[in-house]
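The lines below spell out each chain.
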Amino acid sequence: MPALVLRGLTIVAFALTSWVSLPANAAAQTVGNRSMALAVEPVIPTRIESLLATPNLMLVADYYRIDMRFGPSLRVDALVVVDAADSRTRMKGLRVQVRDPQSRGRQEGTSFIDADELAGLSRALSSMAELAARWTHDDRQATEMAFTTAGGFRIAIRQSARIPRAYLSTGLLDPVVTSIDLADLPSIQHAFDQAIALLNGK
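Quick caveat: nothing in here was measured; it's all calculated off a predicted structure.

J.: Please set out the side chain of Q97 residue by residue, giving values where relevant.
T.: Along the polypeptide, Q97 turns up in strand β3 (residues 86-99). Side-chain polar atoms of Q97 contact the side chain of E108, separated by 3.5 Å. With residues up to four places along the chain from it excluded, the contact list for Q97 reads S73, L74, R75, D77, E108, G109 and T110.

Written out as structure tokens, the structure reads:
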């Protein structure tokens, strides 16, 4: 009987010693895990968005509607932002909005485009239309080409099952997408060229 009691005391002592020797963080985890929320900085990819988000400034933002004939799915506005206290702080660009009323999630997305990106975007639209017109049907299952601005405005042309189609989307995260006919690409390019001319005069 004394031997059994001694053996039991030895087992209890060993268990207590093992628990005490655990690292502090491990002992704390046995009480309960507490996850720490990570702070996520918002993504501001364009200079005009950065100016609009600058605190402690009184900003004046002028919007100019660019004539579009695509109904409610696409809207383009030229934008001039000025610091009311210092007119030397001035940015120009575009606000592009794409709507997808049939989407079950977000139905409208917005992207901003800095003025110095617009010439490259116009050239890309012209090149994409020319290349798509020369696509041939071969053994490729699908073909896609795309151009994306810093603010997440993206135009893509996809050819699958011998049916080429163009897609416009806005937003770096959770983009909103709408589709258009390839024949509409020249009109979209004209709208961006119109915006370039307007902003050059501001």
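So that's the structure; there's more coming.
J.: Let's hear about the nonpolar core: which residues, and what values?
T.: Ranked by size, the top nonpolar core spans 30 residues in total, and within it L94, V96, I113, I157, L168 and F192 carry the most contacts. When residues of this core are traced back to their parent elements, those giving at least two are β2 (74-83), β3, α4 (118-133), β6 (154-160), β7 (163-170), β8 (176-180) and α5 (185-200). The element best represented in this core is α5, accounting for six residues. Residues L51, L79, V81 and M91 belong to the second largest nonpolar core, which totals six residues.

J.: Can you tell me about the sheet that holds β7, naming the residues and giving the values?
T.: The strand order across the open sheet built from four strands is β5-β6-β7-β8, with neighbouring strands paired in antiparallel fashion. Pairing within the sheet leaves two strands with one partner each, and these edge strands are β5 (142-148) and β8. Put simply, the sheet's adjacent strands are angled 20° from each other on average, direction ignored. Judged from the seven bridges that link them, β6 and β7 form a sheet pairing that is antiparallel. The residue of β7 that forms the bridge with I155 is L168. Docked against the sheet, α4 engages β5 and β6, running at close to 165° with respect to β5.

J.: Run through the environment of L198, naming residues and quoting values.
T.: With respect to the helices and strands, L198 occurs in helix α5. A relative accessible area of 25% means that L198 is categorised as partly exposed. On a C-alpha basis, the gap between L198 and A78 in space is 7.7 Å, while along the polypeptide they are 120 residues apart. When neighbours within four sequence positions are excluded, L198 is seen to be in contact with Y64, I66 and A78.

J.: Requested: an account of a nonpolar patch on the surface, with residues and values cited.
T.: Where nonpolar side chains cluster on the molecular surface, the patch consists of V43, L172 and L173 and spans about 330 Å² of accessible area. With respect to the helices, strands and loops of the structure, L172 is situated in the loop between β7 and β8. The partly exposed category is assigned to L172, whose relative accessible area is 47%.

J.: Please provide a residue-by-residue account of the environment of S160, values included.
T.: Tracing the backbone shows S160 in strand β6. Relative accessible area serves as the criterion here: at 40%, S160 is assigned to the partly exposed category. Distance from S160 to Q141, taken between C-alpha atoms, is 6.5 Å for residues 19 residues apart in sequence. Contact partners of S160, with chain neighbours within four places excluded, come to Q141 and A142.

J.: Describe the confidence of the model for the chain, naming the residues involved and giving the relevant values.
T.: Taken over all residues, the pLDDT of the chain has a mean of 80, while the share at 70 or more is 74%. Taken as a whole, residues 1-31 scores under 50 in pLDDT and shows zero contacts with residues more than four places along the chain or in a different chain.

J.: So, unusual backbone geometry: which residues are in play, and what are the values?
T.: Peptide bonds are mostly trans, and most non-glycine residues show a negative phi. A positive phi angle is found at N56, which is not glycine, with a value near 60°. Its place among the elements puts N56 in the loop between α3 (47-52) and β1 (59-65). Backbone geometry places D174, a non-glycine residue, at a positive phi of 50°. Topologically, D174 is positioned in the loop between β7 and β8. Its relative accessible area of 53% is what places D174 among the exposed residues.

J.: Tell me what's going on with α4, and back it up with residues and numbers.
T.: Over its 16 residues, α4 extends 23 Å from the first C-alpha to the last, a length consistent with the 22 Å expected when each residue adds 1.5 Å. Of all the residues in α4, the buried ones are L118, L121, S122, A124, L125, M128 and A132. Taken end-on, α4 shows its buried residues confined to a sector of 160°, consistent with a single buried face. Buried positions along α4 lie against β3, β4 (108-114), β5, β6 and α5.

Analysis parameters
- Residues numbered from 1 in each chain as written.
- Predicted model: local features only at pLDDT ≥ 70, side-chain atom pairs only at ≥ 80, totals over all residues.
- Heavy atoms only, no water.
- Helix = DSSP H or I, 4+ residues; strand = E, 2+ residues; numbered from the N terminus.
- Polar contact = N/O pair within 3.5 Å; in protein donor to acceptor, adjacent residues only side chain to side chain.
- Contact = heavy atoms within 4.5 Å.
- Core = buried A, V, L, I, M, F, W, Y, C linked by side-chain atoms within 4.5 Å.
- Buried < 20%, exposed > 50% of the residue type's maximum accessible area, 1.4 Å probe, protein only.
- Pairing = 2+ DSSP bridges.
- Axes fitted to C-alpha atoms, helices over the stretch in contact; angles between N-to-C directions.
- Patch = residues over 30% accessible without salt bridge, like charges linked within 9 Å, V, L, I, M, F, W, Y side chains within 5 Å.
- Areas by Shrake-Rupley, 256 points an atom, 1.4 Å probe, with all protein chains shown as cover.
- Salt bridge = Lys/Arg side-chain N within 4 Å of Asp/Glu carboxyl O.
- pLDDT = per-residue confidence, 0-100.
- Expected span 1.5 Å × (residues − 1).
- Arc of directions from axis to C-beta.

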